[in-house]
Amino acid sequence: MRILVIGKGGREHAILWALTRSSRVEKLYCAPGNAGIAQIAECVPVKESDFAGIAQFAREAKIDLVVVGPEDPLAAGIVDYLEERRIPVFGPRQNAAVIEGSKIFTKELLRKYNIPTAAYETFDNYEAALAYVRKMGAPIVVKADGLAAGKGVVVAQAVEEAEKALHDIMVAQVFGEGNNQVVVEEFLQGQEMSILSFVDGAVVRPMLPSQDHKQVFDGDKGPNTGGMGTYCPLPHIPQSVIDEAIETIIKPTAEAMVKEGRPFRGVLFAGLMVTESGPKTIEFNARFGDPETQVVLSLLETDLADIFQAAVEGRLQEVDIRWSDRSAVCVVLASEGYPGSYPKGVPIHGLDDVRDSVVFHAGTTTKDGQIVTEGGRVLGVTATGATIEEAREKAYADVRRIRFAGAHYRSDIGLKALR
Ligand code: AMP
Ligand code: GLY
């Protein structure tokens, strides 16, 4: 098979890395890719948003399957576009990708089908939202309706913080003009858990559960980011709770999408909170998670190309999907200033000194033969071990071998599993 992956982050690097282990893959391409991806796939200088360019390349290079990584092209309808041109593609169509693209759509779907989630109200009127937040009090959660690169959610510990978030989204419109509706929801307390599943309509094949670390600093302090690190699986969460999440949230949601005439095909990502009264939905994403993919695919034993192929041929139910019983930890190295503004083009040293980890590149490029930073999240150093502890030790030993000016990372990835 000749496979083209769309995207340029750590998630796409991990997908391609998993595909390098496939016996079915003849050639791998990535559009546009990054400096790390270029070591295992041919990078094609076509942007994720350039659907015509992607279709043209797919035809010329005789691509057998396109795999879409990020949410933006999915929300903009890349799957519909390629399918109309008879190019095989793995990912949800636009009418299903809305499960990530609109938080209001998803909250209404969950309410309609009685799927556990935080209580909420939606607003397009600033004064009304303000009055509601003041009535409910803190802690309270404010979310921009549309896509916001993981930064559209404020978990407010004080009412003033929630008021500021409403002002930013609804008045200043910092996530774009028109992206000014909000969901205001109940604060859920508990352990977070991400479950990604391969989905084709009502067929749901869950992957191993993982946990992200959204906030930038140790101890879950500071602003939210796209994700500072992950581990997989979650030894401190009983299998019965994981099964409950699959049976009461993920399968009913896939079935609800079918009933709504929006069958989902692709990777459905459930962001969950394990509360005292059971697992509840925080959000759904229409794609692999980043950096969840880095740890989850590190433990996949089945040929990933087989799974993709089965999904696009309607045979997802039949594939045997096997997982390693080891553990994986991914530590993200970020640029100075991230998740705020950050410099680019900073030289990265020590990549060749890494011993026990796979370094997935998230935001890198090559300048004058040197690998330099290009994004806020730069690298995801990922190791496996017999336990989370062992994987942590290996990953952090390698993190310390890599250096670039201003680099920062969390030192507590995976610790929640050990307490
Ligand atoms: P989201 O982009 O919806 O995943 O939200 C980002 C992060 O905010 C989540 O990973 C949670 O840590 C937190 N969060 C979102 N909604 C809630 C909620 N209702 N209660 C508590 N924390 C939340
Ligand atoms: N790590 C969270 C996400 O991919 O949305």
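Cut-offs applied
- Residues numbered from 1 in each chain as written.
- Chains lettered and ligands numbered in written order.
- Predicted model: local features only at pLDDT ≥ 70, side-chain atom pairs only at ≥ 80, totals over all residues.
- Heavy atoms only, no water.
- Near = heavy atom within 4 Å.
- Polar contact = N/O pair within 3.5 Å; in protein donor to acceptor, adjacent residues only side chain to side chain.
- Areas by Shrake-Rupley, 256 points an atom, 1.4 Å probe, with all protein chains shown as cover.
- Helix = DSSP H or I, 4+ residues; strand = E, 2+ residues; numbered from the N terminus.
- Nonpolar A, V, L, I, M, F, W, Y, C, P; charged D, E, K, R; others polar.
- Domains from an automatic or database assignment.
- Buried area = accessible area lost by both parts, 1.4 Å probe.
- Salt bridge = Lys/Arg side-chain N within 4 Å of Asp/Glu carboxyl O.
- Buried < 20%, exposed > 50% of the residue type's maximum accessible area, 1.4 Å probe, protein only.
- Pairing = 2+ DSSP bridges.
- Axes fitted to C-alpha atoms, helices over the stretch in contact; angles between N-to-C directions.
- Parallel < 35°, antiparallel > 145°, perpendicular 65-115°, else oblique.
- Contact = heavy atoms within 4.5 Å.
- Left-handed = near helix turned anticlockwise from the far one by under 90°.

**Q** Would you mind going over the site of ligand 1 with me for this structure?
**A** What surrounds ligand 1 is a group of 16 residues, the closest being E185, L188, E192, K214 and E283. In this structure, a nitrogen atom belonging to ligand 1 sits 3.0 Å away from a side-chain N or O atom of K143. At a separation of 2.8 Å, a nitrogen atom of ligand 1 approaches a polar side-chain atom of E185. Surface burial for ligand 1 is 94%, taken as the share of its 470 Å² of free accessible area covered by protein chains. Within the residue set of the shell around ligand 1, elements represented by two or more residues are β7 (140-144), β8 (153-156), β9 (182-186) and β17 (278-285). Of the residues contributing to the shell around ligand 1, the split by class is 8 nonpolar, 1 polar and 7 charged. Per-domain counts for the shell around ligand 1 show at least three residues from each of domain 2 (125-180) and domain 3 (191-318).

**Q** How should unusual backbone geometry be read in this particular structure?
**A** For residues that are not glycine, phi is negative in most cases, and the peptide bond is trans in most cases. Each neighbour pair has its own omega, and for D290 with P291 the value is 15°, a cis peptide bond. Assignment of secondary structure puts P291 in the loop between β17 and α10 (292-296). For the bond running from Y338 to P339, omega is 15°, close enough to zero to count as cis. Mapped onto the secondary structure, P339 falls in the loop between β18 (327-334) and β19 (358-361). Phi is positive for Q173, close to 55°, though the residue is something other than glycine. Structurally, Q173 can be placed in the loop between α8 (159-171) and β9.

**Q** Got a minute to help me understand the site of ligand 2 in this structure?
**A** Taken together, D212, K214, G226, F269, N285, R287, G289, D290, P291 and E292 make up all the residues around ligand 2. Contact distances for ligand 2 include 3.3 Å between a nitrogen atom and a backbone N or O atom of G226. Note that an oxygen atom of ligand 2 is positioned 2.8 Å from one of the side-chain N or O atoms of R287. Contact with the protein chains removes 90% of the 200 Å² of surface that ligand 2 exposes when unbound. Considered class by class, the residues forming the shell around ligand 2 number 2 nonpolar, 3 polar and 5 charged.

**Q** In this structure, what is going on with the domain arrangement of the protein? I would like to understand it.
**A** Where the parts come together, the accessible area they lose is often given as the size of the interface. On domain assignment, one finds that the protein holds domain 1 (2-93), domain 2 (125-180), domain 3 (191-318) and domain 4 (327-418). Interface of domain 3 and domain 4: buried area, both sides summed, is about 2,000 Å²; carbon and sulfur atoms make up 59% of it. When the area that domain 3 buries against domain 4 is broken down by residue, the three leading residues are D218, M228 and Y231, summing to 27%. Applying the counting criterion to the domain 3 and domain 4 interface returns 2 salt bridges.

**Q** Can you walk me through the pairing of strand β10 (residues 191-200) in this structure?
**A** Side-chain direction in a regular strand flips from residue to residue, so the side chains alternate between the two faces of the sheet. The element β10 is extensively covered by neighbouring structure, given that 8 of its 10 residues are classed as buried. Examined bridge by bridge, β10 and strand β16 (residues 265-275) share 10 bridges and lie antiparallel to one another. Paired with S194 across the strands is G271, a residue of β16. Taking the residues between adjacent antiparallel strands as the criterion, β10 and strand β11 (residues 203-206) are bridged by 2 residues, where G201 takes a positive phi near 65°.

**Q** I would appreciate a short explanation of the packing of helix α5 (residues 94-101) against helix α6 (residues 103-112) in the present structure.
**A** Packed helices, taken two at a time, are described by the angle between their axes plus the distance between the axes. Running from N to C, α5 and α6 cross one another at 95°; their axes reach a closest spacing of 6 Å. Comparing their axes, α6 and α5 come out roughly perpendicular. Residues V98, I99 and G101 of α5 form the contact with α6, whose own contacting residues are K103, F105, T106 and L109. Classifying every residue of the contact of α5 with α6 gives 4 nonpolar, 2 polar and 1 charged.

**Q** Sorry, what's going on with the packing of helix α7 (residues 126-136) against α8 here?
**A** Contact geometry of α7 with α8 gives a least axis separation of 10 Å together with a crossing angle of 165°. It follows from the interaxial angle that α7 and α8 lie roughly antiparallel. Considering the relative orientation of α7 and α8, their crossing is right-handed. The segment α7 lies against α8, with Y126, A129, L130, V133 and R134 engaging V159, A162, E163, L166, H167, M170 and V171. A breakdown of the residues in the contact of α7 with α8 according to their chemical character gives 9 nonpolar, 1 polar and 2 charged.

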